Structures are given as structure tokens and as C-alpha cells.
Amino acid sequence: MKKNITYKILENHLVRGELTSDAEIGIKIDQTLTQDSTGTMVYLQLEAMGVTEIKTQLSVAYIDHNTLQTGFENADDHEFIKSVAAKYGIVYSKPGNGICHQLHLENFANPGGTLIGSDSHTPTAGGMGMLSIGTGGLDVAIAMASGEYHLKVPKVLNIYLTGALSPWVSAKDVILYILKKLTVKGGIGKVIEYSGEGVHCLSLTDRATITNMGAELGATSSIFPSDSITKQYLIAQGREEDWVEIKADDDAFYDETITINLSNISPMVAKPHSPDNVDFISTLPNLKVDQVLIGSCTNSSYKDLMKVAAILKGKKVHPDISLGISPGSSNILKMLADNGALGDMISAGARILECSCGPCIGMGQAPQSNGISLRTFNRNFCGRSGTKNADIYLLSPEVAALSAINGYLVDPSSLGEEILIDEPAYFPKDKNYFIFPEDGNKTLEVKMGPNIKPFPINTELIDLLKGTVVLKTLDNITTDDIMPSNAKLLPYRSNIPYLSIFCFNTIDEHFENKCQMYKGGFIIGGDNYGQGSSREHAALVPLYLGIKGVIAKSFARIHKANLINSGILPLEFVNPTDYELIDETDELKIDNIINQLKNKKDITINNLSKGTSFTVKFIGSNRDIEILLYGGYLNYTKTNLEGLRNE
Ligand code: MIC
Ligand code: SF4
């Protein structure tokens, strides 16, 4: 069979199973990354496995999400991560260095390699032809311990790009256009592979913007070929030796192909409150704006920020607007400082923020009440900005900068000649924010601050499950809904008991009380339950509160894996209309669950309150079933790790 890029990389890394559509395989993982808000849990889990060494070629621990340090909690978490990094030989990226995905692209990602990361936007490295997948933290810990990651062979969707971008249309518009077409569910179970002559008009960081937001499509990963543009970027980063050509065979097999003519795309915007609520900017004339934020792992590259600086040069930010800019990395910030672009931004009246995720994860810059905020970020879920009644619009850096001057959302289509910025021929090689294992203090002592609390571990599955429906949700529930993140809560990512008070807070502020009252139970969900981030807190906190199962119409990939990893049953309605017949507070009972799971039969659930029954199914591999029987992946791994490492 003529191979696509995804299959080529999977084949080169295959250590278990057969590379056929839908089969469960194990692949060798070359690199892992973590960030601080998921990282503490990852390293607690690694410690809990009792391993003495890690098996990956490279693992990096970035500190980028919570760098505010409003109390001791975060600084303690950073110290914990730093001490574990020193113990295991993990590269540590200090706060201030930048956003994990931008930094990984600059410093470590390599074409043809495999990467998993405890952050949903890990596929950013797919812009460089690396097969990179966002996973829950435990998957990363286990990949470090065993060198392996298990996944179902994804379908491969080829997006064939023709034409070229029109003036003032950028990579952000391309991915927003695709989101409009495919929706937040369109990528589930798929790797999205880009091909066609249109690929050649996209720079390396343009490609990374597109693969980054493949996460918003629910895709397992997104990937571009590695070509002369990739090579040029690696040369500029002083890493030419990392370049290899990666391309699909002529007439490669794809499960599906969509053709998109780049020339047909106009400037786009994602309207509140979902990244797929996309429209042409021209449909929103006269939108008065209060705040503009430029940055995040999607759009904080050198090229993006140079365009912004060129637009702001000699102009003034509108009096009614607060403009914030957070560069993706310290090296980008240095380049902007050295070439005068930073001065142009400051002269225009921009607020320069730290090189970190910052407002993208609600760490500061919450908009005013009912505020309108334009952002170059990737998610605009309700409440994520820190202001529940604010309206967040996602768009390109160019349009963000133009609007910051104008005071209104600007449609750039009629502006004529656009500003063109090339990738630089040379990036600085300062690496002083990194601590490499050879430079670090080789102490084996792990530093645990008082805010780092034990995390819940499930027990073996029991045969009779009984419980109350504590919550029934609508479709597309996000992990931001399940376990909100903001400046007040992010400091507690290593304190599950405290976080539990806020579980589902934006949907039902009594959720935690109800869980206490009913001693846990079940959640009923709609379609695409758990979309968005990789945070396993959205499974660990419900586990802590006694949730035994989530019964939904369908699940988002990473969250479903996190539920399995925690030993919480993710069950799907056989007949989705049964969803309508269940209410909160109904008592549910599942008999003989172990055999029903093992036999892979539809599972009968009795609704004791209504005197009815309905059927659900568990969609997963034999291995997933084993993990559930053990009460989660950590229990399973503790028993099976030696086997895994020795094979
Ligand atoms: C996000 O963008 O939602 C986050 C914050 O980066 C998350 C990780 C987290 O919740 O810590 C993600 O994308 O996985
Ligand atoms: Fe950070 Fe935002 Fe990117 Fe998540 S999406 S990694 S919070 S910049």
C-alpha cells in the first residue's frame, strides 16, 4: 500500500500490534513534554510508579501556564517539577522562557519523530512533520517509564490544499475555515494530514498554527510534510542535523480527502463561545471592541509578532482598548527587542506581558463586564477568560492589531497591499532559561510543598454498580466546564481535594454538595463530552467525588482516555434517544458489569427510579477493559510495568 506520512511514522515506531485501521497499537515515544498545570500530577504519577530512570530520548518539563505566583503554591509546584526533572534527567524550562509548544518547535521537535505531551495542543509540532499527540498526564508518565504509548490506529484525513492565500488572509483564517467546515467534532479519531501545492505557501509557523488548532477539531493529531521550508526553519534554529524529508507516497492511501482552495478563504472570526462558531469577518461590521490580546501557542511566533509590530508602528492603540501582547518565547522577545519591533509596540501603547500562556488560560487580563475581547488564541469557551459574561472572538494577529488601533473589528479585505514578513534566517541560540540535565543539580531529593496533596487512585472494579445521576449535561461539554481553570484555581492543580469544590461550578454550583450527599454516582452527557483540554483533573476530581461512570452520546478522545485511566467507566448510549428518558436524581444500577465488559456485549442499565432499562456500550480495546478492571492505568501499570520495560 502507498503510505501516507502518519502510517510511515507509526510504522517506524511500532512496537506492539498490527498497523491496520482501528487496531490497537503500541508505539515507541521519542519525546515527551509536560507543562506546569498538568505536570505536577504527571511527575507525582511517575514517582508513584517507583521507576528509577526514564526511557525516552528527550523529556522536557515546561513552566508556562501559571507563572503569576500569587502565593507560594505555584512556586512550590515549580520547585517540585524542577527537582523531579533533575532526578530523572528531564530538561527543565524555567518560567519566562515561553510557551511549551512554541519552545518545543524552536528547540526540540524533529520531523519523523514521535512526541506525546500532557497538553492538548501538543500537535503544534505536527507543523514540522512530527507525529505529536496530546494526552492525559498519566499517559505521559507511563511513556516516560516504559517508552511506549498505546493508541487506536487513527483514520487519516487528507486536507489537500490548492491555490495560495489572498492578501490579509493568514494561517489562522485557514484553520478557522476548516473548523467552520468540520466543527469541533470533525477530527475525532483522525490524524489530519495536509498535502497539495498550497502547503508551499505556508511558512513553518503558519503550519504550526494550523496543526495547533487541529486540537479544536478533536483530531488525534495534525501533520504537514517536512520539506525545504522545514529545513530552512531548522537551519535558522541551528538544528539542520534534525531535518529529514517526510512526505506521503504518490497516490498514498487516505481514509478521506477534502480539497480546500486557499484562494477562496477570506478573513474569518470564531464568535462566542466555541472555536467552530466561525463566520467571515465581513458579517460583523461595527463590532465595538474593549480588549485585544495577541499571543498563545497558536499565534505568538516571530512572524506573527513582527506583523503586529509593523501594523502598530507609528500608530496609537485606541483609547477604549486595552492591547496585551505575550510573545511565544524569550528568544522571540529578544529578537523583537533587538530589532526595534518591541519599541514600536510599546510606543503604540501595548501592554507587554510575560512569555507564557497568561490570559489564554484565564491567568489575568479578564475582560470587563460584558466586554468584547478579540484574541489570537485557540479557545473561546464561555468563562475561560475569567469573565463569564464577556464575549471572546478568535482571529488572526493582523486583524487583532488593526482592530486595536481602530477600536472596532476591522475587515482587512479592502486594505490592499498586506504586510509580508519572512521567517528570519537566524534565531538567537540563547538557552539560558533551560536547565539541561548535564547543567542541573543532580540531587535526588524531591521537593514537595504543602499544597501538593495525594491524588486519588481508584480500586478494582466491582461487579455491581449502583448510584444516582448527579448531573445531566448538554452536548459539547468542555473540560473547562468540568474542571474550570482560572487565576483563582490554577494554583491548586496539585490539590485535588480543594479543586473538587469547584467541579462543574459554572454549570451547577451544587455539584460537589450533591456528590457528597449521594456519595458519588453517575453523570449523563450529550455528544462530544469532555472536549478541549487534556487536563486529567477533569477525571481525577470526579473520581475523588465518587463518580463511577459517565454515560454519554459520545466522548472527546483525550477525556475518554483520562476517564479510563482513572478507572471511571465511559459508556455510550446504544440508542442516543435514551438520553431523553433519564433525569437527574434517577437511581441507576448495573449488574454483572465485569462479565458484560469482558464479553463486549451491550450493557444493560436499570433505571430504578423509572422502572425502565436501557443499553449502553463500552467502545475500547481489550487493554482498556483490563485497565478498567484494575481500577485505572496506574494500578494496571504497577503490575505490568516490568513486562513492558523488558520486552
Ligand atoms: C488549555 O489550553 O486548555 C490548556 C490549559 O493548555 C490545557 C491543559 C491544562 O488544562 O492544563 C490543554 O490544552 O490541555
Ligand atoms: Fe497555553 Fe493557551 Fe496554548 Fe493551552 S492553548 S497551551 S493555555 S497558550
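Residue numbers here run from 1 along each chain, matching the order of that chain's written sequence. Chains carry letters and ligands carry numbers; both start at the beginning, A for chains and 1 for ligands, and go up in the order they are written. Totals for whole chains, interfaces and linings use every residue, but because this is a predicted model, local features are given only for residues with pLDDT of at least 70 and side-chain atom pairs only at 80 or more, for both listing and counting. Calculation of side-chain values draws on the structure's entire complement of heavy atoms; hydrogens and water are dropped beforehand.

### Notes on the environment of Leu204
With respect to the element layout, Leu204 can be found in helix H7 (residues 204-212). Measuring from C-alpha to C-alpha, the distance between Leu204 and Met128 comes to 6.8 Å, with 76 residues separating the pair along the chain. Residues are treated as being in contact if the distance between any of their heavy atoms lies within 4.5 Å. Among residues more than four places away in sequence, those in contact with Leu204 are Leu105, Gly127, Met128, Ile229, Thr230, Tyr233 and Glu423. Where helices and strands are cited, they refer to DSSP runs of H or I of at least four residues and of E of at least two residues respectively, numbered from the N terminus.

### Remarks on the site of ligand 2
Close to ligand 2 lie His65, His101, Asp119, His121, Ser296, Cys297, Cys357, Cys360, Ile361, Asn378 and Arg384, which account for all nearby residues. Here ligand 2 is seated within the largest cavity. By residue class, the composition of the shell around ligand 2 is 4 nonpolar, 5 polar and 2 charged. Near, as used in this document, describes a residue that has one of its heavy atoms within 4 Å of the molecule or strand being considered. Buriedness of a pocket was judged along seven lines, with at least five required to meet protein on both sides within 12 Å; pockets are open sets of points on a 1 Å grid over the protein atoms alone, cavities are sets where a 1.4 Å probe fits but cannot get out, and lining residues have an atom within 4 Å of a point. To qualify as sitting in a cavity or pocket, a molecule needs more than half of its atoms within 2 Å of the grid points. For this scheme, ten residues count as nonpolar: Ala, Val, Leu, Ile, Met, Phe, Trp, Tyr, Cys and Pro. Four count as charged, namely Asp, Glu, Lys and Arg, and the remainder, Gly too, count as polar.

### Focus: the nonpolar core
Nonpolar cores were defined as sets of buried Ala, Val, Leu, Ile, Met, Phe, Trp, Tyr and Cys residues, with membership established by side-chain atoms within 4.5 Å. Buried residues are those whose accessible area, probed at 1.4 Å on protein chains only, stays under 20% of the maximum for their type, while exposed residues exceed 50% and partly exposed ones sit between those limits. Tyr43, Phe511 and Ile551 are the most contacted members of the largest nonpolar core, which has 103 residues in total. Ranked by the residues each element gives to this core, the list is headed by helix H5 (residues 137-146), at 7 residues. Residues contacting Ile551, with those up to four places away along its chain left out, are Phe522, Ile523, Ile524, Gly525, Leu571, Phe573, Leu588, Ile605, Phe614 and Val616. Counting residues in hydrophobic clusters, the runner-up holds 61 residues, among them Cys100, Ala208, Leu234 and Leu342.

### A closer look at unusual backbone geometry
Cis geometry marks the peptide bond from Pro272 to His273, where omega comes out at -5 degrees. Residue position: His273 is located in the loop between strand S13 (268-270) and strand S14 (278-280). Despite not being glycine, Asn476 has its phi angle at roughly 55 degrees, a positive value. With respect to the element layout, Asn476 can be found in the loop between strand S21 (465-472) and helix H13 (479-482).

### Here we look at the environment of Tyr636
Position of Tyr636 relative to the elements: it lies in helix H20 (residues 633-646). A residue is classified by how much of its surface remains accessible, and Tyr636, at 12% relative accessible area, is buried. As a C-alpha pair, Tyr636 and Glu460 span 176 residues in sequence and 9.8 Å in three-dimensional space. When sequence neighbours within four positions are dropped, the list of residues in contact with Tyr636 reads Arg623, Glu626, Ile627 and Tyr630.

### Examining the site of ligand 1
What surrounds ligand 1 is a group of 14 residues, the closest being Ser37, Asp119, Ser120, Ser534 and Arg535. For the purposes of these results, a polar contact is taken to be a pair of N or O atoms within 3.5 Å, where, inside protein, one atom must be able to donate a hydrogen and its partner to accept one; residues adjacent in sequence count only when each atom of the pair is a side-chain atom. With respect to ligand 1, the side chain of His65 contributes an N or O atom lying 2.8 Å from an oxygen atom. Residue Ser120 places a side-chain N or O atom 2.5 Å away from an oxygen atom belonging to ligand 1. Burial of ligand 1 by the surrounding chains reaches 97%, relative to a free accessible area of 340 Å². Judged by its atoms lying within 2 Å of the grid points, ligand 1 is housed in the largest cavity. Split into classes, the residues belonging to the shell around ligand 1 amount to 1 nonpolar, 8 polar and 5 charged. Surface exposure here means Shrake-Rupley accessible area, sampled with a 1.4 Å probe, where a residue is shielded only by the protein chains that are shown.

### Here we look at the layout of surface pockets
Grid points are joined across faces, edges and corners, and a volume is the space filled by probe spheres set on the points. By volume, the largest pocket amounts to about 890 Å³. Contributing to the lining of the largest pocket are 36 residues, with Lys152, Arg557, Lys560, Ile619 and Asp624 lying nearest its centre. For the lining of the largest pocket, the secondary structure elements donating two or more residues are strand S8 (148-152), helix H17 (557-566) and helix H19 (622-630). With 6 residues, the top contributor of residues to the lining of the largest pocket is H17. Considered as a void within the structure, the second largest pocket measures approximately 440 Å³ in volume. In terms of lining, the second largest pocket is formed by 23 residues, of which the most central are Gly383, Gly386, Pro484, Asn486 and Thr506.

Functional significance is not addressed by these values, which are geometric in nature.
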